Amino acid sequence: MLPWSFFKAKLSWSLTGSTKMKDGCFSRDGATNIKGAGHTSSFDQIVEDQQQQNKSMEEKNDEQKQLPKKKPYIAFLIDRPFNATVTKDEEETTLNLMNCLRYRLNLGLHSKGIGQKSEDDDAELEALIALSLGSSSSRSLLTSGTKESPPTNKKSLYDTLLELVDEFDAAGVAEIFRLLLERRTAIPLFVPDSKTHFLNLMRHVTLPGIDNIRLGEDKSLMRVAVVSCRQRNQSQASEILKSLFNIDSIHFQDLSTGSASSKSFLAEIGSGCVLTGESGPEKVKNVLVTHVIGDFKPLWPFLRLYSDYLLIEDSSVEVESFCASTLTSGEHISHPESNAFPFICVWKPSVGETRYEIKELNGLRQLCIDGQLAGKTIGIFKSSVVAVIKKMNAADQSQVESQERLRLFQIPLLMDEGYHALECVSPIEIKSRIFKSVQNLRDVKTKEFLLQKNYMEQAKHEETKMEFRLNEEKVREEDAKIKKCREVRRAESHRVEKHPLLQLFLSFLLEGDPGSRVLSIRMLEKELVGRCERTIGPQLQEIRKLNSAYVNKLASGEGSNVASGKKDLGVTREQLFLAKAQLRDGVLNVEHLWRELSHLFTDMEPKSRSSIVEKIPCLAAQHLLDGFCLELLDGDSNMIHLEWITEVLRELGLLIGKLKRIFVLSVIGMQSSGKSTLLNTMFGIQMRTSVGQCTRGVNMQLVPVEGRAEYDYILLLDTEGTRAPEYHGMPDSEKRDNQMATLSILLADATIVITPGENDAAIKEILPVVLMAYQGSKLAEDNGGRLSSKVFFVYNRIDTSQKNKLSSIIQSLGTSLQEAFSQVQNLAGDSALLKSEARPFGNLDVSNPNSSESDVCILGNVKKEYEPPGDIPDSAYGETLVKFREHIHRRVTSVVQDGTTWKSRSIEEFSNYITEVWKCICSANFTLNFASVVERITFDKLDFEYKKVEQELVEAYLESFAGLKRKMIEEKGEIISSGSTALMDVVSNENLFSKFEAKLREEIFPAEQNLDNKMKEMVMKRGREKWSLQFQRQWETNKRDQARNWAFRLKTSFVLLFNYEHHVENYKKKMRKEINNLFSNSSTNFSNFEWTGGEKTTKFEELYNNMLFEVYQQFPPKDMRAEVLNVYQNSSVIKNRKIDMLVSDEDSSLLSIRKQEYFWRKNRNAVEKCLKSVESIINSIAASQQCYDDSIISNFIYDVDASITFHEVSTNSEVRKIHIYGQNLIIASMEIIGREWEAENSVLSKLKRNKEAMREYFMMVSQGAEKIKLFSATMTNALKSVLISAFETEMIQKAFNIIRDQRWLFDARFMNKHIDLQLIELLDEQKVLEVLCCIKSPQTLYANVLHRLIAQNFTNVEKEWHDFTICLKQAIKKAALATTEVESGKAQNFVNQLRNEFLKGGLQNELLASAFLINLSGEYEDCENEENGEFQDVCTNKMLEALDNQEPLKNQEEFVKELSPKVVQYMKIRNDPVALPRCDAYCRLCSSLCIEAANHETSLTPHDAIHQPAGIAGFTNVIDSTLLSKTCSDCHQNNWRFRLSEISAWHDFSDYGKVFPGWRVPRINEESPLREYIFAAYNEEIAEKYKKKPCPDVPAKYFRDLSTIREQLKRDIDGI
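Now for a quick tour of the structure.

Reading the values: rules and limits
- Residues numbered from 1 in each chain as written.
- Predicted model: local features only at pLDDT ≥ 70, side-chain atom pairs only at ≥ 80, totals over all residues.
- Heavy atoms only, no water.
- Helix = DSSP H or I, 4+ residues; strand = E, 2+ residues; numbered from the N terminus.
- Buried < 20%, exposed > 50% of the residue type's maximum accessible area, 1.4 Å probe, protein only.
- Phe/Tyr/Trp six-rings, centres within 6.5 Å; stacked < 30°, edge-to-face > 60°.
- Patch = residues over 30% accessible without salt bridge, like charges linked within 9 Å, V, L, I, M, F, W, Y side chains within 5 Å.
- Areas by Shrake-Rupley, 256 points an atom, 1.4 Å probe, with all protein chains shown as cover.
- Salt bridge = Lys/Arg side-chain N within 4 Å of Asp/Glu carboxyl O.
- Lys, Arg positive; Asp, Glu negative; His and termini not counted.
- Charge placed at Lys NZ, Arg CZ, Asp CG, Glu CD.
- Pairing = 2+ DSSP bridges.

Attention now moves to the environment of Glu-1208. Checked against the element boundaries, Glu-1208 lands in the loop between helix H41 (1190-1206) and helix H42 (1212-1241). On the accessibility criterion, Glu-1208 (60% relative accessible area) is exposed. For the pair Glu-1208 and Val-1167, spaced 41 residues apart in sequence, the C-alpha separation works out to 8.8 Å.

Structure follows, in structure tokens:
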């Protein structure tokens, strides 16, 4: 209550701010002429007073420094467990008030206010007329009374708010005020206890819903002051605030609960709105309202300078009454002739009729109202306020915003009471500094921020490099461009460092006071955003116009046929894309400043960095700790700057402590789906929100945590909205969306997927692509196919009252997820990672949405309404999200989830994990290019059809090649028939080969043309246009590569046939000639016929050895080392590197070290990794090559050099070391391959295999055998030399055709069942030790089972042999019969006919045909004298007799047993991906076999296994030497360690792939029933075998029944 004496003595207030009202006109310059009793106060004087106040504040700084340190803004963001069942007492604490503000929970406000009667509209109108015309009138209105709450001892909510505000620094208080104003709740002007006011701070408070208006600096809005002369507990001023201005007051809440503040006077200010009753822009008018609670005497100087409209709640008690007569002071007041302000309204509550009138005292008009607040009183208030607003709006704008109209922060407040302003930085100063630093935002980003612009160029090269990662030349080209980009950035870094905007930003970051630092950066953010919005406005309009034109042209079909139309459509499209790109270039925000600083730090030479540049990562870490976002994924380049992020997180770990743990929560959804809004409400943070795109890339924000033992911080990942119009139609837009979504999901412990309304397009399109990218990655292996992130779903903007709609939403969600998983599973095939037990959403709880246990949250709208005054946060939205937040915590951190234990990560672990996830995303680069799985299915179908076309081309080449090889044999036969025995010269060979090469091209050309047409039709089908060019180029490349490959194979066959075989036959012919000469009928040689057997043998050996020596002299074995060294010497790669390839002693030591423990170091550097890569390349060559060729060495050199580039090995000594190591390995490998090739194919080895046939010929000639018999023996020996090999070739081919589709061949798990049955057979025979040996050495076991399965699929060998010999006999007889009419050259003619029968007859066996490429010219002319019938009989009988006398083949079992390994070798050489045996690598710990196919490239598909109990192979627990019952997968899951020997280093199972290069980390977690049974049943025997202790705690599930296992295996194999 205010004493009457106050008004009598001091209240000459009509002299201080009011002006004369003349002719009903209003003036807007109420603060221009201000006179007080005894003094004059001008604008200059006020400014001088403000300066004096600031000086006084500075003098008090020392005192303020002694006060307790204020909490920083980040303390306001601390996340704590939310207890929804707190008591009323607990709700009054500052902590609970803070939570209510952050989470937008109900404060108990938002009363409906006082209602208005609607039956009498004339009262408002008459009041408005009275105000406008200045006439005096009165009218009676009905009124009603109000109720009062009894007082309590409860602490007031207002006092709690004051305590909360007083705890925080300026940035924290600004945030509290922002949240209160957001809900249209008045904020305190000061805190009485600390005598701190906030007028300066209000310069940093932006009014919600009113563009770019800061509370402390505004001049444009009407200002209302509401004061009361009534007792505080009777005052209805707070109800006026709500009913008239739609402002809530915490004081009103206290009055309703009877717990009003004990402070003698308080003041609050709110942003209100008045509904005018009109339509359009005039419907709502915004006003600022100051409400004084209690004694307003100390605030009178402030109010007189502040108010445009004073509303006084008068008292009906005489001594308290604010009587009009008290406004007369006896002093004459002069006023300007223009309109006068402020306007005064005095309302006195009374019983009875409501009366109002306009009174004029001393030229001052006041609206006086008597009556109750209910009824028409509020309407009269509103009419008067609206009238004043209209007059203000009608005034000249320069007058409205006159310099002499003080801003709020310029008005002195309670100076006489010793109050001081809360310290904060000056927005005007910051704005001025920003203006000086930057004028044109577009120029800054496109012309001055050179580093991030260059990085975008690098990003394009990185993308191209990934796309063409299998093209070595292209990779090297892109690497060179990337290196160039880095060099450019390094050169530009010093110039960029001096950029004024960056300097300004750094000065803000370096500010020592957290409050000043936060407010300065916030101001910078707002200023940049505001300037960007003003800049890009015209561009947005242009984009809308272009987009509309483009859509219209598409809809009308323009450009579909006519060339000019197509061109016009293309031009419009390009203009649209260009406009969108320019729009992005015109945006400059704080993230762009950070990008430039990040490159400044990483690209500048460390020794050149200034002390400030050196601090940039630490400043970024502090930026996170201050409560700001930091960009994780660059929104423009779509890249993670890994070096920068790693350094920032390292600094963050140092600041918060390396032992601190984090919980990572991400959110994804379509653009404008409310992602940032959700995070803001759930955690009380300030991520940018507006209509359209705010978040770019992926941003991370750190939230401190208290009260949760599982982690210390939450790291939030806010993802750019998908399917954004800004990127629609832009190149790689789908990839951009999918990449960001994949990153957010894979990095997070929990992911929230937001769907606006019922449109679940994001779920149907993006989630399947994420799963598709994930399922084939290393991360998926690490998690057994399950997403490491727990996925939750939020549907917002839903009418939560419609229960049926909620059910349909959940049903749709379940269907979408099932479809997503099924699509990915179908695409992935029969992948173990996508078995039903590993479903990524297998445990999603969608049973009861919005229950405390549901993983689906249904939300309404974030605001109650979207029109004022209802545009305030809906507390139901916040309450639902807080509960959902707690549910997410419980679900993720539960002790056991999906069989695994969740574990939080340290900052360092998360930093390393980012690198792994980014690798996963890069490896899935192909998958992420698809807009949806439907699109991926379309692509896969196209890809499948394309592979069929490729296969048709291969088949065409195979057919042509087979025919040409037969023609080569024929050609060779014709050369032999011509009688030529000399080696064809080089020119002749080249000419002949050119003929075959031309024939190959000629035969392939029609097939290629046909396939070209198929390709065109295939890629032009609807929906495939996107990949048309890609597949056309791929087809052209494939045709070129196939042509080169088959031409090389053709040449190889030609050289082998026309050179190697030619030499062999020439030497055999030469040997026969020497033998014949030795035993000719001449007198000099006659005695030779009388040699004894021993003498003949000696002579034969002499002749034979002389021939071998001559062959060796002419065709010595290749010196593989010299051949390889020669290629290295002439290699352009080595020459360009300028390295010396001579091996030194130091190099020799390197080669020996690599054979030792060097292999198994845990932390290998780039050189060591590169050396291991060289070994992988060598292994691939060894598995695929059968003979030496210079091209193999050249390609190897290129591969090694590409690996050097990939691993970023740069120093000359290291590059040389790697090439020396590769040279040594390739020499060793080629020596082995060369020896094997020489042993099988060299002239010398072939002649050695013909020794016995030559010996027989020698003996027959020495005995004087007739020529015809010699000829018959030669033919018979030629047949016998290839007979068995030819038959085996036939059988191998038939066996392969039978088994190529057998499941046990390509399905490792199915093969395991056969292997287990083999072990059971051994157990039945009590061969336990043999079983354990087989398990320890699985390669032999697998080979035995594979050979046995192959053997079971051989046809009847005896029958096949019988049929084979019949075909041979028929061919021999036909050949003999064909010589019937031959008069000369019978022997050669028979050979030719026989060769043709073998080549073109029923057998078509090239091996048999090649064996009869024999030149008999000049040897068997005596056969011409034989009768035709006798010649035929002698020739055929001897050969047929040889077939009949052939030693019987081994029985079926023995034959197929010996032949089965040859079938396996045939499959490996053929290298048909569809029909390959499995790899025989095995786990070094548990001896489980690799499940991949033979010859698989470990760099692309690493070894993997279904790991068995490790103890079964002798692996033990180091502590007590007991056998280990766990599998390698179990050990990895439990984060165990291992070592290879008692003296070797320890390794984490997570490093399994590093310790054993080429292997995946053990992730597959599948049971092995038989192995578990063996471990349990033979625990003692295993321990005895390995001299270890038995396992003391064999798991109970291992004790199985052997017969049950056997029957289940049989059922699985039989498909029952």
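So, about unusual backbone geometry. With glycine set apart, most residues show a phi of negative sign, and most peptide bonds adopt trans. With an omega of 5°, the peptide bond between Pro-868 and Pro-869 qualifies as cis. Note on placement: Pro-869 falls in the loop between strand S20 (856-858) and helix H31 (875-893). In this structure, Asn-1535 is a non-glycine residue whose phi angle is positive, near 60°. Its relative accessible area of 55% is what places Asn-1535 among the exposed residues.

Okay, the packing of aromatic side chains next. A complete count under the given rule lists 35 aromatic pairs for this structure. Seen in terms of ring centroids, Phe-296 and Trp-300 are 5.3 Å apart; in terms of plane orientation they differ by 35°. Their pairing is tilted. The same class applies to Phe-296 as to Trp-300, namely buried. Ring plane angle 50° and centroid distance 5.5 Å describe the contact between Phe-1398 and Phe-1412, whose orientation is recorded as tilted. Pair noted here: Phe-1398 is in helix H51 (residues 1386-1400) and Phe-1412 is in the loop between helix H52 (1406-1411) and helix H53 (1428-1445), with a separation of 14 residues, a long-range link. The pair formed by Phe-1398 and Phe-1412 is uniform in burial state, with each residue classed as buried. Of the aromatic side chains, those joined through ring pairs into one cluster are Phe-1079, Trp-1091, Phe-1100, Tyr-1104 and Phe-1258.

Turn by turn, an α-helix covers 3.6 residues, leaving residues three or four places apart pointing in a common direction. The buried count for helix H57 (residues 1569-1577) comes to 7 of 9 residues, which makes it a mostly enclosed element. Looking only at H57, the buried set comprises Leu-1570, Arg-1571, Glu-1572, Tyr-1573, Ile-1574, Phe-1575 and Ala-1576.

Attention now goes to a negative patch on the surface. Taken together, the side chains of Glu-1266, Glu-1427, Glu-1430 and Asp-1433 define an acidic patch exposed on the protein surface. Mapped onto the elements of the fold, Glu-1430 is located in helix H53.

Let us now look at the pattern of salt bridges. Using the criterion set out here, one finds 70 salt bridges in the structure. Measuring nitrogen to oxygen at the nearest pair gives 3.7 Å for the salt bridge that ties Lys-447 to Asp-443. Of this pair, Lys-447 and Asp-443 both sit in helix H16 (residues 441-448), 4 residues apart, roughly one helical turn. The exposure class of Lys-447 is exposed, given its relative accessible area of 58%. You can call Asp-443 partly exposed: its relative accessible area is 23%. Of the charged contacts, one joins Arg-1537 and Asp-1548 as a salt bridge, the two residues approaching to 3.1 Å between their closest N and O atoms.

Moving on, we get to the pairing of strand S18 (residues 750-756). Taken across its 7 residues, S18 has 7 buried, putting it largely inside the fold. Residues Ala-750, Ile-752, Ile-754 and Pro-756 of S18 are buried on one face, and the alternating residues Thr-751, Val-753 and Thr-755, pointing to the opposite face, are buried as well. Looking at chain direction, strand S15 (residues 661-669) and S18 are connected through 5 bridges and run parallel. Note that in S18 the partner of Val-667 across the bridge is Ile-752. One ladder, built from 7 bridges, connects S18 with strand S19 (residues 790-796); its direction is parallel. Note that in S19 the partner of Ile-754 across the bridge is Val-794.

Interpretation in functional terms is not warranted from these geometric data alone.
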